[in-house]
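Structure assessment
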Amino acid sequence: MYDDHSARPVSLSRRLLLQRSALLSGMAALGAGSYVMMPSESWAAEPIKVGFALDLTGPISVQGLPGANVAKMLIEEINAAGGLLGRPLQMFLEDTATNESLAVTRVRKLVQNDDVDVVIGGITSSMRNAIKDTIVSRGKKLYIYPQLYEGKECQPNLFCTGPTPAQQVDTFVPWLIKNTGKRFFFPGADYIWPHTLNGYARRVAERNGATTVGEEYSPTDQTDYGALVNKIMSGNVDVVFSTLIPPGLPALIRQLYEAGFMKRGGRVASVLYDESTLKISSTAEVEGVASCLDYFRAVDDPFSRKLHERYVAMFGPKNPLSAAGGSTGVYRAVKLWEAAVREAGSVARDPVAKALDHAKIADGPGGPAEMVPGTRHVRMNMYIGVAKGGRYEVVEKSSGPVEPHECGK
Amino acid sequence: MIPGRPMSLPMLRFATDRAVIPLIEMGLLLVFALLPFGLNSFWMAFATRVFILGLLALSFDLAWGYAGILSFGQALFFGVSGYAVALLATRLGITNAAVLLAAAAATGLLTGVVMAAIVLFGRKTPTQVFVALGTLTGSYVIDRVVRGWALVGGQNGIPSVPVATLAGVALEEGPAFYYAALVLLALVYLGLRALVRSQFGLVLAGIRQNEARVGFLGYGAQNYKGLAFCVAGAVAGLAGGLYVLHEGFVGPGQIGPVLSTQVVLYAMFGGVGTLIGAVLGTGLIELVGHFASQYWEIGWPVVLGLLLLAVITWRPAGLISFIVPERERKGRYGARKDGLS
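Residues numbered from 1 in each chain as written. Chains lettered and ligands numbered in written order. Predicted model: local features only at pLDDT ≥ 70, side-chain atom pairs only at ≥ 80, totals over all residues. Heavy atoms only, no water.

What about the overall build of chain B?
Just so we agree on the cut-off: Secondary structure is summarised from DSSP: a helix means a run of H or I of at least four residues, a strand means a run of E of at least two, and numbering begins at the N terminus for each. Our radius of gyration is a C-alpha quantity, and the globule rule it is checked against amounts to 2.2 Å times the number of residues to the power 0.38. Burial status follows relative accessibility: with a 1.4 Å probe on protein chains alone, a residue under 20% of its type maximum counts as buried, one over 50% as exposed, and anything between as partly exposed. Residue contacts are defined here by distance: any two heavy atoms, one from each residue, within 4.5 Å place the two residues in contact. Counted charges follow a simple rule, with Lys and Arg positive, Asp and Glu negative, and His plus the chain ends left uncounted. A charge is said to be at NZ when it belongs to Lys, at CZ for Arg, at CG for Asp and at CD for Glu.
Across its full length, chain B carries 14 helices and 2 strands. Rg of the C-alpha trace for chain B: 20 Å, near the compact-globule value of 20 Å for 341 residues, within the 12% margin. Here the C-alpha coordinates of chain B stretch approximately 55 × 55 × 45 Å along the principal axes. Relative to its full complement of 341 residues, chain B shows a buried share of 52%. Contacts in chain B between residues at least 24 apart in sequence constitute 78% of all its contacts with a sequence separation of at least 6. Looking at charge distribution, chain B has the averaged site of its 21 positive side-chain charges lying 12 Å from that of its 13 negative ones.

Comments concerning the sheet that holds strand β12 (residues 360–361) of chain A
Residue and element names in this part refer to chain A. We apply this condition: Should DSSP find at least two bridges between two strands, the strands are regarded as paired.
Strand order in the open sheet formed by 3 strands is β12-β13-β14, with antiparallel pairing between adjacent strands. The open sheet has two edge strands with one neighbour each: β12 and β14 (377–380). Sheet analysis places strand β13 (residues 369–372) next to β14, joined by 4 bridges and oriented antiparallel. Along β14, the bridge assignment pairs M371 with V378.

Some remarks on the side chain of E285 of chain A
Residues and elements named next belong to chain A. We apply this condition: Polar contact is defined as a pair of N or O atoms within 3.5 Å, subject to the rule that within protein one atom must be able to donate a hydrogen and the other to accept it, and that residues adjacent in sequence are counted only when both atoms are side-chain atoms.
You can see E285 is positioned in helix α11 (residues 283–286). A polar contact of 3.0 Å, which involves the side chain of E285, links it to the side chain of R254. With residues up to four places along the chain from it excluded, the contact list for E285 reads I253, R254, Y257 and M262.

Description of the pairing of strand β3 (residues 89–95) of chain A
All names here are of chain A. Keep this limit in mind: With its strands directed away from the observer, a crossover is right-handed exactly when the path from the first strand over the helix to the second travels clockwise.
Most of β3 is tucked away: 7 of the 7 residues are buried. On β3, burial covers both faces: L89, M91, L93 and D95 on one face and Q90, F92 and E94 on the other are all buried. Relative to β3, strand β2 (residues 48–54) runs parallel, the two being bridged by 7 bridges. Of the residues in β3, the one forming a bridge with V50 is M91. In this view, the connection linking β2 to its parallel neighbour β3 by way of helix α2 (residues 61–80) has right-handed handedness.

Examining unusual backbone geometry
All names here are of chain A. Here the residue pair P246 and P247 is connected by a cis peptide bond, since its omega of 5 degrees sits within 30 degrees of zero. Topologically, P247 is positioned in the loop between β9 (239–241) and α9 (248–258). Phi is positive for L85, close to 55 degrees, though the residue is something other than glycine. Inspection of the secondary structure assignment puts L85 in the loop between α2 and β3. Look at H405: it is not a glycine, yet its phi comes out positive at around 50 degrees. Tracing the sequence through the fold places H405 in the segment after β16 (391–397).

So, the nonpolar core
For the record, the criterion: Grouping buried Ala, Val, Leu, Ile, Met, Phe, Trp, Tyr and Cys residues that are joined through side-chain atoms within 4.5 Å yields what is termed a nonpolar core.
Core analysis: the biggest nonpolar cluster contains 106 residues, and F52, F172, F184, F241 and W337 of chain A have the highest contact counts within it. In this structure F184 of chain A touches V173, L176, I177, A205, A210, T211, T212, V213, G214, V237, V239 and F241 of chain A, once residues within four positions along its chain are discounted. The next biggest cluster of nonpolar side chains, apart from the first, holds 97 residues, and it includes A47, A116, I158 and Y189 of chain B.

Some details on the environment of R254 of chain A
Residue and element names in this part refer to chain A. Residue position: R254 is located in helix α9. Classification of R254 by relative accessible area gives partly exposed; the value is 40%. Considering only alpha carbons, one finds R254 and Y225, 29 residues apart in sequence, at a separation of 9.8 Å.

Overview of the interface of chain B and chain A
This is how it is decided: Buried area adds together the accessible area that both of two parts lose upon being put together, with accessible area traced by a 1.4 Å probe. By definition, a salt bridge exists where a carboxyl oxygen of Asp or Glu is found within 4 Å of a side-chain nitrogen of Lys or Arg. In this classification, the charged set is Asp, Glu, Lys and Arg, the nonpolar set is Ala, Val, Leu, Ile, Met, Phe, Trp, Tyr, Cys and Pro, and all remaining amino acids, among them Gly, are polar.
On the side of chain A, 44 residues touch chain B, which itself brings 42 residues to the contact. Sorting the residues of chain B by area buried against chain A places N156, E297 and I298 of chain B first, and these three jointly supply 20% of that buried surface. Applying the counting rule to chain B against chain A returns 4 salt bridges. The salt bridge involving R138 of chain A is made with E173 of chain B; its shortest N-O contact spans 3.9 Å. One can count 15 residue pairs in polar contact (both at pLDDT 80 or more) joining chain B with chain A. For the side of chain B that touches chain A, the secondary-structure elements that each account for two or more residues are α3 (41–66), α6 (128–147), α10 (221–247), α11 (257–270), α12 (276–295) and α13 (300–314) of chain B. No other element matches α3 of chain B, which puts 6 residues into the side of chain B that touches chain A. For the side of chain B that touches chain A, the class distribution of residues is 20 nonpolar, 16 polar and 6 charged.

Some thoughts on the state of the cysteines
Residue and element names in this part refer to chain A. We count it as follows: We call a pair of cysteine sulfur atoms a disulfide whenever their separation is within 2.5 Å.
For the coordinates displayed, the defined rule picks out 1 disulfide over all chains. At a sulfur-sulfur separation of 2.0 Å, the disulfide partner of C154 is C407. Around the S-S axis, the bridge from C154 to C407 shows a dihedral of about -95 degrees and counts as left-handed. In this pair, C154 is assigned in the loop between β5 (142–145) and β6 (158–160) and C407 in the segment after β16, connecting sequence segments 253 residues apart.

Points about the packing of α3 of chain B against α10 of chain B
Residue and element names in this part refer to chain B. Rules: Axes, fitted as lines to C-alpha atoms, cover a helix only where it is in contact. Angles between the N-to-C directions of the axes lie from 0 to 180 degrees. Relative orientations are named as follows: roughly parallel for angles under 35 degrees, roughly antiparallel for angles over 145 degrees, roughly perpendicular for angles from 65 to 115 degrees, and oblique for any other angle. Here a crossing is called left-handed whenever its near helix is offset anticlockwise from the far helix by less than a right angle, and right-handed whenever the offset is clockwise.
It is at 8 Å that the axes of α3 and α10 come closest, and there the two elements cross at 165 degrees. Comparing their axes, α10 and α3 come out roughly antiparallel. The two elements α3 and α10 cross, and the hand of that crossing is left-handed. Touching A45, T48, R49, I52, L53, L55, L56, S59, L62 and A63 of α3 are A228, V231, A232, V235, A236, L238, A239, L242, Y243, H246 and E247, all from α10.

Some points on α13 of chain B
To keep it simple, the criterion reads: What a helix is expected to span follows from its residue count: subtract one and scale by 1.5 Å. The arc refers to the directions leading from the helix axis to the C-beta atoms.
Along its 15 residues, α13 of chain B runs 21 Å from first to last C-alpha, staying within 8% of the 21 Å computed at 1.5 Å per residue. Among all positions in α13 of chain B, only W300, L304, L308 and V311 of chain B are buried. Buried residues along α13 of chain B cover an arc of 70 degrees about the axis, so they all sit on one side. Opposite the buried face of α13 of chain B, at more than 90 degrees from it, the exposed residues are L306, L309 and W314 of chain B. Its buried side turned inward, α13 of chain B meets β3 and α3 (100–113) of chain A together with α11 and α12 of chain B.

Here we look at the environment of A86 of chain B
Residues and elements named next belong to chain B. Note on placement: A86 falls in helix α4 (residues 74–91). Judged by its relative accessible area of 0%, A86 is buried. Separated by 145 residues in the primary sequence, A86 and V231 place their C-alpha atoms 22 Å from one another. When residues no more than four places from it in sequence are discounted, the contact partners of A86 are R91, I158, V161, V244 and V250.

Here's the deal with the confidence of the model for chain B
Residues and elements named next belong to chain B. To keep things clear, this is the line we draw: The predictor's confidence in any single residue is recorded as pLDDT, a number from 0 to 100.
Of all residues in chain B, 91% attain a pLDDT of 70 or more, and the chain-wide mean is 87. Low confidence marks residues 1–16, where pLDDT is under 50. Its contacts with residues over four positions away, or in another chain, come to 8 contacts. At the level of chain-chain contacts, confidence expressed as ipTM amounts to 0.78, with global pTM at 0.84.

Observations regarding the pattern of salt bridges
Residue and element names in this part refer to chain A. Applying the stated rule across the entire model yields 27 salt bridges over all chains. Between E150 and R128 there is a salt bridge, with its nearest N and O atoms 3.3 Å apart. Within this pair, whereas E150 is found in the loop between β5 and β6, its partner R128 is found in helix α4 (residues 125–137), the two being separated by 22 residues in sequence. Just as E150 is buried, R128 falls in that class too.

Examining the packing of aromatic side chains
Formally: Between the rings of Phe, Tyr and Trp (Trp by its six-membered ring), a pair exists once the centres lie within 6.5 Å; its type follows the angle of the planes, with under 30 degrees stacked, over 60 edge-to-face, and the other angles tilted. For a Lys NZ or an Arg CZ to count as sitting over a ring, it must be within 6 Å of the ring centre and within 35 degrees of the ring normal.
A full pass over the atoms with the stated rule returns 18 aromatic pairs over all chains. A centroid spacing of 5.7 Å and a plane angle of 80 degrees characterise the contact between Y219 of chain B and Y224 of chain B, whose relative ring orientation is edge-to-face. Taking the relative accessible area as the measure of exposure, Y219 of chain B reaches 37% and is therefore partly exposed. One aromatic cluster in this structure is built from F172, F184, F186 and F241 of chain A. Between the NZ or CZ atom of R106 of chain A and the centre of the ring of W300 of chain B, over which it lies, the distance is 4.4 Å. Here the guanidinium or amino end of R315 of chain B rests over the ring plane of F322 of chain B, the centre of that ring lying 4.1 Å away.

Below, the structure is given as structure tokens:
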């Protein structure tokens, strides 16, 4: 009854069930309460309360569950290392259930009942829109949104730790032109993120000398793309820059594959594809699919590798730590907030927001990250990954951290 | 009460028949009136939301429990009015709650008229299944339209609806909104209660039991159903407007089949055809869902689903049938006391 209209195909439900049971066993292994994680040792000081609002059930749960895992891992780590300002962290996790109406109540519980010091979460833009007032303007709390999104969220006390269109497109589109071809097609799901991102990517592509063969939007749950595939094939398209979402995305990839688009040298680019979404399609179909994200498993710096090992040791290989679902954003959210609290010497909203405005972390998934002062968005490394044999290979790393270009800067 | 009868008679009947519903009504009203003194701000907002969703459940109960119209698209009225209120408040800067709520009810009524014209007043008298699917489809269609329509925010909806004022008081989450919602719920409840116990309600009950027979008696059954459907639309619209003012945002989730189905479950869970059952069902489902999610954050929808399945399988008259006898639930009209309505 709580399924969104864009429900995943039935064949996935078994996988979801497995993933959920994996999370459950992970939680059991931690010996923590399922919804409130109390610090395990006895502390003299009052705990600092950290609230997480993630989609643990419903169609987006594939993205929400790894985020919850990352949160648990970090809270445990910080507590094991002596807590924050001499106080332990207490984690409050609420399921927003891919249902915005319900989520407002759940988030209200975090804000008013649990009186958390910060709220981290929301995956889809519609979710962020629904809960941000409850947290920021009505609840007077700090809110950190961890997912890649369409940009333009510029209000005090709302920080974003996911990649922006500029970060995902500025180096990626020129790379696509250079390595694949100049004829672009922009299919997308019919909502705000695809429209904004496609519009941005199209401008970058045309500025770099590419031709747009078409830009088309379809309902979020459409799975038959015969007409679109025809246009792509007859238009001699080189790059399909897709902002479709599952279940449309794997369907389009399969239909393009069957039509021979990949065989004749065409490439599908999707900045929503990461290690977990890659598995929806068969290995042959996604061979060569390109993406641009802040982290891939193949990123070869010692910290990212160790982080991945720790994650797998705690939660197993299901629900992998991956960028497109916002779990790397959750990592940056917690760690940047931690740095800000240490600098501010308090958990009160205003001093923390002031410190968070220029907070930095030296290590994170994919490298260091820092807030660009005055924008509440993160400057970080970006990687271009290409699928090969069912995994992503990093083919290009940005030369240093990439600017988010949001909020007037 | 029938004019001319001595005052003591209803009281006497009340005592002998042990009517339970009035007791529940009085009890709930008393509890709700005093509740804010024992609740923190979260639970007050939680209760306020239940009142608002309870209004929506009432509207479904009027349509299905009394007029026999299986409206699987009750969220359509709720959502369309919600969008109307959000647009009026954000685009035109109207923050007078009385104006906004009147607009919400009017929008709901209007949407009800349009839907009734399509679903109920076709060339042929529609069947139950046609009405159910027609209303469901209506809700689904508008859901899709809204998701793709940039003017109303598409998939993202309309956030940051300003706080409205009622008679100079800011309707913020908390006691002010709680009592405003409670008073509205009580007024609408009393209005609907009077409606279903009037001659009009008697005809509706007749239609629900045997539409053809009521037609043979000379009633335009379809007109009665249409009227009940439109009133239900207005009530759902009022609820939708109130919801947007309380939550501060509107999105496609408030218009589509998900909420439409949820409302059916609220009413079925509590017990249809009693009005109060719909309100109780709303509160119980929301509470069970909340606590289940606190203890089993990824399995709570399963718990809720199993519970609903159990109630609908073994207690089709809803939870209220545990305390309200069947004859009282069905209602009495005139002097007959054998419960065969």
